[in-house]
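Listed here are the chains, written in short residue letters.
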Amino acid sequence: MSFKEFQKELNAIGYKLWLKLQRLPKADPLEIVCFFIIILFIVTILSMMIIACSFCCRCFYDGKPKEKAKRIEVQPADDL
């Protein structure tokens, strides 16, 4: 698929979405609920991707993984 075809496809999808948004105030309640569920799903996926990417970027600093704090084992106290 060439860039021009891809651009036409994106424009077609955007135009269909724009028409859907314009007809939304006149739509029946079930169609409105379905549309917002789809939008909520897309937003959830995008936010999860952003959280995952921010976590991965935080784990590495200058190409090296950050060292985690070492655990200290607690020994039982000796009774005198």
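Taking an unreviewed UniProt entry as the reference, the chain is identified by name as Small integral membrane protein 5 belonging to Crotalus adamanteus.

Another point: the packing of aromatic side chains. The full count for this structure, using the stated rule, is 1 aromatic pair. Centre to centre, the rings of F35 and F36 are 5.8 Å apart; their planes meet at 75°, and the pair counts as edge-to-face.

We now examine the pattern of salt bridges. Any two side chains of opposite charge can pair if their charged atoms end up close together. Considering all chains together, one arrives at 1 salt bridge under this definition. Among the salt bridges present, the one from K20 reaches E31, with a minimum N-O distance of 2.7 Å. On the criterion of sequence distance, the pair formed by K20 in helix α1 (residues 3-23) and E31 in helix α2 (residues 29-59) is long-range, its members being 11 residues apart. What makes K20 partly exposed here is its relative accessible area of 28%. Owing to a relative accessible area of 32%, E31 belongs among the partly exposed residues under this scheme.

Here we take up a nonpolar patch on the surface. A cluster of nonpolar side chains, namely F36, I38, I39, F41, I42, V43, I45, L46, M48 and M49, defines an oily patch on the protein surface of about 960 Å² accessible area. Inspection of the secondary structure assignment puts I39 in helix α2. Look at I39 and you get partly exposed, because its relative accessible area is 33%.

About the criteria used
- Residues numbered from 1 in each chain as written.
- Predicted model: local features only at pLDDT ≥ 70, side-chain atom pairs only at ≥ 80, totals over all residues.
- Heavy atoms only, no water.
- Phe/Tyr/Trp six-rings, centres within 6.5 Å; stacked < 30°, edge-to-face > 60°.
- Salt bridge = Lys/Arg side-chain N within 4 Å of Asp/Glu carboxyl O.
- Helix = DSSP H or I, 4+ residues; strand = E, 2+ residues; numbered from the N terminus.
- Buried < 20%, exposed > 50% of the residue type's maximum accessible area, 1.4 Å probe, protein only.
- Patch = residues over 30% accessible without salt bridge, like charges linked within 9 Å, V, L, I, M, F, W, Y side chains within 5 Å.
- Areas by Shrake-Rupley, 256 points an atom, 1.4 Å probe, with all protein chains shown as cover.

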